[in-house]
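# Summary of structural features
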Amino acid sequence: MSVFRSDLDLAVQDATGTEAEADVALNLVTGNIRLSILWTQEMQLSPEDAEQVAQALQRAAAESRSMTAASKPESSPGPQRPSDA
């Protein structure tokens, strides 16, 4: 089982027809985000596909921040001073 979860909403292929694909995946252990170009070293994107990749990266970043926030212990407030009543 992989520690990476790919963005299933991302379906982007090379604009020149090489069948290269982009993949954005979240590491479920570290929260790091992996951007992969599959089957080649580079690919060309249409403007629409570039937006899809950007949105997938934003979704992964938001989820990574949520994971990080959930794993941090909540800070407790310091000692309270009595109020002058």
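Predicted model, so just to flag it, every value in this text is computed and none were measured. (Residues numbered from 1 in each chain as written. Predicted model: local features only at pLDDT ≥ 70, side-chain atom pairs only at ≥ 80, totals over all residues. Heavy atoms only, no water.)

Of all seven residues making up strand S2 (residues 21–27), six are buried, and the element is well covered by its neighbours. Note: strand S1 (residues 4–6) against S2, three bridges, orientation antiparallel. Its bridge partner being in S2, Ser6 is matched across the sheet by Ala25. As paired elements, S2 and strand S3 (residues 33–38) share six bridges and run antiparallel to each other. Bridging across to S3, Ala25 finds its partner in Arg34. Two successive antiparallel strands, S2 and S3, enclose a turn made up of five residues, where Gly31 displays a positive phi of approximately 85°. (Buried < 20%, exposed > 50% of the residue type's maximum accessible area, 1.4 Å probe, protein only. Helix = DSSP H or I, 4+ residues; strand = E, 2+ residues; numbered from the N terminus. Pairing = 2+ DSSP bridges.)

A few words on the sheet that holds S2. Ordered by their spatial adjacency, three strands build an open sheet running S1-S2-S3, and the pairing between neighbours is antiparallel. Edge positions in the open sheet fall to S1 and S3, since each of these has one partner strand only. Averaged over neighbouring strand pairs, the angle between their axes works out to 35° when direction is ignored. Contacting S1, S2 and S3, helix H1 (residues 47–71) crosses the sheet at an angle of about 5° to S2. (Axes fitted to C-alpha atoms, helices over the stretch in contact; angles between N-to-C directions. Contact = heavy atoms within 4.5 Å.)

This next bit is on unusual backbone geometry. Glycine aside, residues mostly have negative phi, and peptide bonds are mostly found in the trans state. In this structure, Glu19 is a non-glycine residue whose phi angle is positive, near 70°. Topologically, Glu19 is positioned in the loop between S1 and S2. Of note in this structure, Trp39 is not a glycine but carries a positive phi near 80°. Among the structural elements, Trp39 can be located in the loop between S3 and H1.

A few words on the packing of aromatic side chains. According to the stated counting rule, one finds zero aromatic pairs in the structure shown. The aromatic ring of Phe4 is capped on one face by Arg34, whose charged end is 4.1 Å from the ring centroid. (Phe/Tyr/Trp six-rings, centres within 6.5 Å; stacked < 30°, edge-to-face > 60°. Lys NZ or Arg CZ within 6 Å of the ring centre and 35° of its normal.)

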